Amino acid sequence: MKIQILISKSSWANIHKKTILKKLKTISKDVFFIQNHKKIKSHFDINIIFSYFKIIPKKYLKKSKINLIPHESDLPKGKGMSPLTWQILEGKRKVFFSLIEANSKIDNGQIYFKHSKIINKNLIFEEIKKIQLDENIKLILKFLKYYKKNNKAPKKISQIGKSTFYKKRTPQNSEINIKNS
């Protein structure tokens, strides 16, 4: 099974490449990283779009048999950018992690797997990102193990309900309000 992982050059996930590689190499020895969708190679079984910040045209998605996106929301609610951070700021403690099939619309693909996790409200940024990494890897490994065993993808379900979107975070979104505790 040949796997390529697409991560934006400026993504937080880049510092975790060794961890991702180590986990995925338990399933396949052919795992490669790329940082631009224009570098997606043909004839790969799986393309994992992990923290990538651009919409990928269909002609690039067609190069792999399956294109996966881990996403941190209860889709179709919470599409868009930085959903885990936005949900924590909204005060949500129970958050969902979804693994979806990529298509040409933002976070609109069918769902392979979804699960929830309770997030403590006193975590710091690095702890939140560690949870995000771990939960996304769990979903990806679950998919890859199924695919390897059955030589096909697991069943997908359509997203049902009204979509909501989170906007891209800016430095202003991370300013501390000294009037809040």
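In this report, the structure presented in the accompanying data block is examined. (Residues numbered from 1 in each chain as written. Predicted model: local features only at pLDDT ≥ 70, side-chain atom pairs only at ≥ 80, totals over all residues. Heavy atoms only, no water.)

## A closer look at the sheet that holds strand S1 (residues 2-6)
Across a sheet, strands are paired by hydrogen bonds formed along the backbone, either parallel or antiparallel in direction. The criterion, for reference: Strands pair, by our definition, only if DSSP identifies at least two bridges between them. Under the scheme used here, helices are H or I runs from DSSP no shorter than 4 residues and strands are E runs no shorter than 2 residues, and both carry numbers assigned from the N terminus. A fitted line through C-alpha atoms serves as each axis, taken over the contacting stretch for helices, and the angle formed by two N-to-C directions is quoted from 0 to 180°.
Read from one edge of the open sheet, 6 strands run S2-S1-S3-S4-S6-S7, paired in mixed fashion. Edge positions in the sheet fall to strand S2 (30-34) and strand S7 (111-118), since each of these pairs with one other strand and no more. The mean inter-strand angle of the sheet, taken between neighbouring strand axes irrespective of direction, is 20°. Sheet analysis places strand S3 (residues 44-49) next to strand S4 (residues 64-71), joined by 4 bridges and oriented parallel. Of the residues in S4, the one forming a bridge with Ile 48 is Leu 68.

## A look at the pattern of salt bridges
To be explicit about the condition: Definition used for salt bridges: Asp or Glu carboxyl oxygen within 4 Å of a side-chain nitrogen of Lys or Arg. Between buried and exposed lies partly exposed: a residue is buried under 20% and exposed over 50% of the maximum accessible area for its type, with that area taken using a 1.4 Å probe on protein chains only.
Evaluation of the coordinates by the stated rule reveals 7 salt bridges. The residue Asp 45 makes a salt bridge to Lys 65 at a minimum N-O spacing of 3.1 Å. Remark: Lys 65 occurs in strand S4 and Asp 45 occurs in strand S3; sequence separation between them is 20 residues. Judged by relative accessible area, Lys 65 falls into the exposed class, the value being 61%. Residue Asp 134 is joined to Lys 130 by a salt bridge in which the shortest nitrogen-to-oxygen separation is 2.8 Å. Linking Asp 134 with Lys 130, this pair stays in helix H4 (residues 125-150), spanning 4 residues, or about one helical turn. You can call Asp 134 partly exposed: its relative accessible area is 26%. In the salt-bridge network here, residues are joined through shared partners; they are Lys 117, Glu 135 and Lys 138.

## Regarding the layout of surface pockets
What counts, and what does not: Lining residues are defined by having an atom within 4 Å of a point belonging to a cavity or pocket. Those points lie on a 1 Å grid over the protein atoms alone, cavities being sets where a 1.4 Å probe fits but cannot get out and pockets being open sets with protein on both sides within 12 Å along at least five of seven lines. Grid points are joined across faces, edges and corners, and a volume is the space filled by probe spheres set on the points. Nonpolar residues are Ala, Val, Leu, Ile, Met, Phe, Trp, Tyr, Cys and Pro. Charged residues are Asp, Glu, Lys and Arg, and all others, Gly as well, are polar.
Considering only enclosed or pocket space, the largest pocket measures out at about 870 Å³ in volume. Considering the residues around the largest pocket, the lining is formed by 35 residues, among which Ser 51, Tyr 52, Phe 53, Gly 80 and Met 81 are closest to the centre. Looking at the lining of the largest pocket, the elements with two or more residues in it are S4, helix H3 (83-89) and H4. Sorting elements by how many residues they give to the lining of the largest pocket places H4 first, with 4 residues. Classifying every residue of the lining of the largest pocket by side-chain character gives 17 nonpolar, 11 polar and 7 charged. Each pocket or cavity is described by its volume, and for the second largest pocket that value is around 680 Å³. Every element with two or more residues in the lining of the second largest pocket is listed here: H3 and H4. Considering each element in turn, the lining of the second largest pocket owes the most residues, 3 residues, to H3. A class-by-class count of the residues in the lining of the second largest pocket yields 8 nonpolar, 9 polar and 5 charged.

Nothing here speaks to function; it is geometry throughout.
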